[in-house]
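Breakdown of the fold
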Amino acid sequence: MSEKLTNFAIVKTGFLVAAGDKLRQVLKAQVDNSGAEGPGTLMAKVDGRSKKIELGVIERGLGQYEFTLPEVAVVVPAEFTLRVGEVESGTVSLQLEPVRHWQVYVVPFSHHDLGYTDVPEVCIQQHKDYFRRIVDYCRQTDDFPEEAKFRWTADTTWAVKWFLEDAGEKDRADFLDFVRDGRIEITAQYAAFNSALLTHEELVRSIYYAFELAREHGIEITSAMTTDIPGNPWGFAQVLARAGVRYLSTAVNQNWSQDGVARAKVPRVANPFYWTGPDGSEVLVWNSHPEWIYGEGRRLGLSETRAQAEAKLPAYLSSLERGGYQYDAVHLRTTCKTSDNAPPCVHMSRMVREWNEKYAYPRLILATSTQFFRYMEEAHSGSFPHYAGDWTDWWMDGPASSAYETGVTRVAHEELSTGEKLLSLDWAMGRPSDYPDQQLEDAYDQLMLYDEHTWGMWNNVSDPYLQTTTSEWQTKADFASSAVERTEELLARGLRRFGGRLGNASSPSIAVFNSLSWVRTAPVTVRLEGATTGGKPFRVLAPDGREVAYQVLESHRGGGSTITFLAQDVPSYGYLVYGVEAGAPSPVRSGSVSVGANAIENRFYRVTLDPATGAVCSIYDKELGRELVDTESPFQLNQLVYDSGEPPIHGRFVPECSGIYPGQGGPVQSSIYSMGKCAMGKHVKLSEPHWGKGGLAEYVIPWLRQEVILHENLKRVDLVNRLYKEETLEKEGLYFAFPLLVPEARIKLEVAGAAAMQPGVDQLPDSCHDWHNVQYWLDASGPEYGVTWSSREVPVVSIGDINTGKWQNRLDLVGGRFYAYAMNNYWTTNFKERQGGDFVFRFSLIGHGPEWGNAQAARFGWEYCTDMAAVVLPAGQGGEGASGSFLEVEPEGVMAFTLKRAEDGEGLIVRFMELEGKDTTARLKLPAIQVTSARRTDIVERDREPLPVKDGIIEIPVPAYGIETIRVGVNVGL
């Protein structure tokens, strides 16, 4: 057999090495030597110039032999021939291209997944230990080259908070020193949230702890990081930008699949890009590799060995070049060993040092997230595209797996806001030393830990009966119950203090507080103890002495009762005091609400229930002269739709009505309700409850009560759905249908931090179109009229159809149809695997004319979701007058949604939002408070320019859809 050199090729590597002050390209000669080994000589002709390169010994068999050539600045032709002894290969011709000077920013971090890899208590302890090790690794690498020094980026701040509360003095001091030196980066957000659950204020408060650390310790917060969750509310861009946070590193997890289809999608936008908020403010976003999520660096060997990284990294960088990526730097999140709750590893520093000693490029830089972004802005300013819209979260259906807790925490958000407003006003009017700032922070923390994206361990669905599954869920549920408990206590404390300032010397009274920034008429519910009324008949009197009709909702032992009445024209951020006077209430003339066999009617609406289904088959708006229910829809309005099976396989069932009955009745409101149950068409296997019931059931929902409430003097239709549901591990979803008859309907809704968003239009490409978040209101309007809808407990809707299992990249609207997405257990991990028990789902809607705008829709939704607060005042208590406003704001298109004491105790903080998309000037007045100064701040309360105060009025420019925050100096000694 003759000796041959076959399979001869020249392999371009993408590596550059330094040779003095010059760079040389690294190439490899590949050859299969079937002859004797011997020294190899490579004859090269590059751009017409001949070179002889000694390769060393060429062994028998297939091998690669590294050599270098001077770096080329342009594409040049090259020819290569290999000689081994007397044997010569054929000639290989190719083009040599310039090698990109890659800067690879390796960003060590650990995804803070509170309870996914182990129970939360273990995860918390792990991260405390990790931060101690991080501090130690920073110390160990202090004398390393700058690019190899150990660095760390904290994914969120809940783990930082627990570490700092528990750390020893030296570890705490060193940690903060390394933060100031840029070795450790604290990012902005407290947790990675499920965006369906965030309110405007919670979104803002989610970055407060990071800036508390910044204020106390002289550090900078310049970037945010979200991991796992495939979306963020549109207002997040505005909140970050208005806090001075310029950068957002995201890692969309699209790995979880359903029916073999990815359960999330990465937006079809260039990387990086500027994400434009609703007000035009922007943050620079980098999203990690869509297949590797946040394990990029580990997948490329960067947390392993140099040899593994050499084998994988160049191919990845070449793929970016082939895909049209035009920049010279990349951001690679890198974990050690695993993905979630991974420990730090110092050997990354050693590997980076070793790599950079060998190669000039690609250059590895062990970095924080901000280091990468700053380089990109400095090196490539002006070249990044801009995209505006909601980054609609593909996982926002997850909290429907625990519908009860999601519902009660959604209500708690509003009650906490009301309590904080009352306590802040009380502080501003003379109780400066008794403000429960820590209790308020704790309540927000508990809400945020429920709204955090982790519901269960990795195996909670596959192993639902494990003790860890039960323990994990109990911890998650405790966040909800603790948040509710703390909120109720703070609201009660605020009402007591507020009520202590008011009174009616001659008789007991009821003080009603309106926590919204406009004059408001709404029902109020209050419990009167027997001692208040003496167990005898009583009248309720308005501040002007006019008798107010009330309705007893429930009678209690000892002569007490819970009543409701319509509080009219309660001032913005203000109160009215209603008297309670002994004596029989005056007879009430027959009201406008009448209840028939299957219909209820007042002067605004006639609502008809279908005797077969118990759902609403007609709502006739008398003022508009319009039918509001689409009778062509396959489902009726407020009809429960039970979706059985793993999407996209659906078995859909609706309730059977067993009867329609008159409900409550009186001078304030009346109702009609249907009773029914929902058959599955088969026997469904129930879960094995703790008390050992188990078995099969034909009715997974054996008890359903659907009530329609009409008010005597209030135009709206309230719907209250109460149901009992059995637990099952079989896949299921539960919806309430809302087929609105609105020709040429355009749907808009409110999401966290954004006054209005149009689904299918104001969204990033390939963000979620299967469902959308509704914070306070959804509106379907056509040229002639429209309908605004609001939900108390359910934060998610499916628009046009029940879209579960479609994973669609566009939205097909069908008139005004949508579905409130109340419950499911579709997930295969993380979210709750089953749920049962008693549930309440409440909705309200109103028909309106074409002049209705975002401001009117917001007022309707916020009023429905925010109860009037009331407190009973004893007889003989003196105090302020019978009515008053603490805050007034104009124009109508601006709302003041937050009033709180400043974090540093210096004045009140007021936060505004513009609702109509128009640049405007807000005018603020605090009639009952002595204002000493005013100043605009950023969104985390850092002072900006002073604002003039003239005749007690503060003016502040607010951009279209913008959020603005001001500090009001007050004399708290008065």
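Heads up: the structure comes first, above all this text.
In this report, we go over the structure that sits alongside the text. The structure displayed is predicted, hence computed values, not measured ones. (Residues numbered from 1 in each chain as written. Predicted model: local features only at pLDDT ≥ 70, side-chain atom pairs only at ≥ 80, totals over all residues. Heavy atoms only, no water.)

Of the regular secondary structure elements, the protein chain holds 15 helices and 58 strands. Against the 2.2 N^0.38 benchmark of 30 Å for 974 residues, the protein chain shows a C-alpha radius of gyration of 33 Å, consistent with a compact globule. Seen through its C-alpha atoms, the protein chain measures out along the principal axes to roughly 120 × 70 × 55 Å. Restricting to contacts in the protein chain with at least 6 residues of sequence separation, those with at least 24 account for 75%. Total accessible area on the protein chain stands at roughly 35100 Å², and carbon and sulfur atoms take up 48% of it. (Helix = DSSP H or I, 4+ residues; strand = E, 2+ residues; numbered from the N terminus. Rg over C-alpha atoms; globule rule 2.2 N^0.38 Å. Contact = heavy atoms within 4.5 Å. Areas by Shrake-Rupley, 256 points an atom, 1.4 Å probe, with all protein chains shown as cover.)

Moving on, we come to the pattern of salt bridges. Scanning all chains against the criterion turns up 61 salt bridges. Ionic pairing is found between glutamate 88 and arginine 83, a salt bridge with its closest N-O pair at 2.7 Å. Taking the relative accessible area as the measure of exposure, glutamate 88 reaches 46% and is therefore partly exposed. Look at arginine 83 and you get partly exposed, because its relative accessible area is 34%. Between aspartate 643 and arginine 652 there is a salt bridge, and its shortest N-O distance comes to 3.1 Å. (Salt bridge = Lys/Arg side-chain N within 4 Å of Asp/Glu carboxyl O. Buried < 20%, exposed > 50% of the residue type's maximum accessible area, 1.4 Å probe, protein only.)

Attention shifts here to the nonpolar core. Membership of the largest hydrophobic core comes to 257 residues, with the highest contact counts inside it found for Phe175 and Trp275. At ten residues, the largest contribution of residues to this core is made by helix 13 (residues 467-499). One finds Leu27, Val31, Phe80 and Val84 within the second-largest nonpolar core, a separate group that totals 25 residues. (Core = buried A, V, L, I, M, F, W, Y, C linked by side-chain atoms within 4.5 Å.)

Attention now goes to the environment of proline 611. The residue proline 611 is located in the loop between strand 30 (605-609) and strand 31 (616-621) in this model. Linking proline 611 and glycine 38, residues 573 residues apart in sequence, is a C-alpha distance of 95 Å. Apart from residues lying up to four places away in sequence, proline 611 is in contact with Asn598, Cys657 and Ile660.

In this section: the sheet that holds strand 2 (residues 22-33). Taking strand neighbours across the sheet as the criterion, the three strands line up as 1-2-5 in an open arrangement whose pairing is antiparallel. What marks the edges here is a single partner per strand, and that holds for strand 1 (5-19) and strand 5 (61-70). Between one strand axis and the next, the sheet turns through 20° on average, direction left out of account. Bridge count for strand 2 against strand 5 is ten bridges, and the pairing is antiparallel. Note that in strand 5 the partner of aspartate 32 across the bridge is leucine 62. (Pairing = 2+ DSSP bridges. Axes fitted to C-alpha atoms, helices over the stretch in contact; angles between N-to-C directions.)

This brings us to the side chain of threonine 368. Considering the arrangement of structural elements, one finds threonine 368 in the loop between strand 19 (363-366) and helix 10 (369-380). At 3.5 Å, the side chain of threonine 368 and the side chain of glutamate 185 are in polar contact. The contact partners of threonine 368, leaving out residues within four places of it in the chain, are Val107, Arg151, Trp152, Thr153, Gly182, Arg183 and Glu185. (Polar contact = N/O pair within 3.5 Å; in protein donor to acceptor, adjacent residues only side chain to side chain.)

Within a sheet, adjacent strands bond to each other through the backbone by hydrogen bonds, running parallel or antiparallel. Judged by pairing direction, the sheet is antiparallel, and its five strands sit side by side in the order 51-52-58-54-55 without closing on themselves. The strands lining the two open edges of the sheet, one partner per strand, are strand 51 (894-901) and strand 55 (943-946). Within this sheet the neighbouring strands show an average axis-to-axis angle of 35°, counted without direction. Relative to strand 52 (residues 908-914), strand 51 is paired through seven bridges, and the arrangement is antiparallel. Residue pairing across strands places arginine 901 opposite leucine 908, the latter belonging to strand 52. Each of strand 51, strand 52 and strand 58 (963-970) is contacted by helix 11 (residues 403-428), which is oriented at about 65° to strand 51, the strand it contacts most.

What follows is about unusual backbone geometry. The phi angle of most residues is negative, glycine excepted, and most peptide bonds adopt the trans form. Between asparagine 271 and proline 272 the backbone carries a cis peptide bond, its omega angle lying at -5°. Counting through the fold element by element, proline 272 comes out in the loop between strand 15 (261-262) and strand 16 (273-276). Backbone torsion omega between tyrosine 361 and proline 362 reads -5°, so that peptide bond is classified as cis. With respect to the helices, strands and loops of the structure, proline 362 is situated in the loop between helix 9 (347-358) and strand 19. With phi around 50°, asparagine 7 is a residue other than glycine that occupies positive phi space. Structurally, asparagine 7 can be placed in strand 1. Residue class for asparagine 7 comes out partly exposed when judged on its relative accessible area of 49%. The phi dihedral of asparagine 638 is positive, around 65°, even though this residue is not glycine. As for its position among the elements, asparagine 638 is in the loop between strand 32 (626-627) and strand 33 (640-644). For asparagine 638, a relative accessible area of 2% translates into the label buried.

Before going further, it helps to spend a moment on the packing of aromatic side chains. Applying the stated rule across the entire model yields 51 aromatic pairs. Consider the rings of phenylalanine 109 and tyrosine 294, whose centres lie 6.2 Å apart with planes at 80°: the pair is edge-to-face. Of the two residues, phenylalanine 109 sits in the loop between strand 9 (103-108) and helix 1 (120-140) while tyrosine 294 sits in the loop between strand 17 (282-287) and helix 7 (296-299), which places them 185 residues apart along the sequence. For phenylalanine 109, a relative accessible area of 0% corresponds to the buried category. Look at phenylalanine 738 and phenylalanine 818: their rings are 5.5 Å apart centre to centre, the planes differ by 15°, and that puts the pair in the stacked class. One end of the pair, phenylalanine 738, is in strand 39 (residues 732-740); the other, phenylalanine 818, is in strand 46 (residues 816-824), and 80 residues separate them in sequence. A single burial state applies to phenylalanine 738 and to phenylalanine 818, both of which are buried. Joined through ring pairs, the aromatic side chains of Trp102, Tyr105, Tyr247, Tyr274, Trp286, Tyr325, Tyr327, Phe372, Phe373, Tyr375 and Phe384 make up one cluster. For arginine 705, the ring lying beneath its charged end belongs to tyrosine 673, and the centroid distance is 3.8 Å. (Phe/Tyr/Trp six-rings, centres within 6.5 Å; stacked < 30°, edge-to-face > 60°. Lys NZ or Arg CZ within 6 Å of the ring centre and 35° of its normal.)

Moving on, we get to helix 3 (residues 169-180). Here helix 3 is twelve residues long and its end C-alpha atoms lie 17 Å apart, about the 16 Å a rise of 1.5 Å per residue gives. Buried within helix 3 we find Asp171, Asp174, Phe175, Leu176, Phe178 and Val179. Contacts from the buried residues of helix 3 go to helix 1, helix 2 (158-166), strand 11 (184-186) and helix 5 (208-217). In the segment just after helix 3, glycine 182 is the residue with positive phi, at about 85°. (Expected span 1.5 Å × (residues − 1).)

What follows covers the environment of leucine 69. Here leucine 69 is to be found in strand 5. In sequence terms leucine 69 and isoleucine 53 are 16 residues apart; their C-alpha atoms lie 9.3 Å from each other. With near-sequence residues (within four places) excluded, leucine 69 lies in contact with Arg24, Gln25, Leu27, Val46, Lys51, Ile53, Phe80 and Leu96.

This part is about the environment of alanine 857. Along the chain, alanine 857 turns up in helix 15 (residues 854-865). With relative accessibility at 1%, the residue alanine 857 sits in the buried group. The spatial distance from the C-alpha of alanine 857 to the C-alpha of lysine 748 is 9.7 Å, given a sequence separation of 109 residues. Look past the residues within four positions of alanine 857 in its chain and what remains in contact with it is Trp777, Thr788 and Trp852.

Next up on the list: the pairing of strand 31. Residues in a regular strand project their side chains so that they alternate between the two faces of the sheet. Note: strand 30 against strand 31, five bridges, orientation antiparallel. Bridge pairing in strand 31 places arginine 606 opposite tyrosine 620. Remark: six residues form the turn of the hairpin made by strand 30 and strand 31, two consecutive strands paired antiparallel; glycine 614 in that turn has positive phi of roughly 80°. The antiparallel pairing of strand 31 with strand 32 creates a hairpin that spans four residues between the two strands, and glycine 625 there sits at a positive phi of about 65°.

For an α-helix, 3.6 residues make a turn, and residues three or four places apart therefore share a direction. The first and last C-alpha atoms of helix 9 sit 17 Å apart over twelve residues, in line with the 16 Å expected at 1.5 Å per residue. Turning to helix 9, its buried residues are Met348, Ser349, Met351, Val352, Trp355 and Asn356. Mapping the buried residues of helix 9 onto a view down its axis gives an arc of 165°, with all of them on the same face. Contacts made by the buried residues of helix 9 are with strand 1, strand 9, helix 8 (306-322), strand 18 (329-334) and strand 19. (Arc of directions from axis to C-beta.)

Okay, the packing of helix 11 against helix 12 (residues 437-451) next. The N-to-C vectors of helix 11 and helix 12 enclose an angle of 155°; their axes lie 11 Å apart at closest approach. In this view, helix 11 runs roughly antiparallel relative to helix 12, as classed from their interaxial angle. Two packed elements cross with a definite hand, and for helix 11 against helix 12 that hand is left-handed. Along the contact surface, helix 11 presents Glu405, Thr406, Thr409, Ala412, His413, Leu416 and Glu420, while helix 12 presents Leu440, Ala443, Tyr444, Leu447, Tyr450 and Asp451. Classifying every residue of the contact of helix 11 with helix 12 by side-chain character gives seven nonpolar, three polar and three charged. (Parallel < 35°, antiparallel > 145°, perpendicular 65-115°, else oblique. Left-handed = near helix turned anticlockwise from the far one by under 90°. Nonpolar A, V, L, I, M, F, W, Y, C, P; charged D, E, K, R; others polar.)

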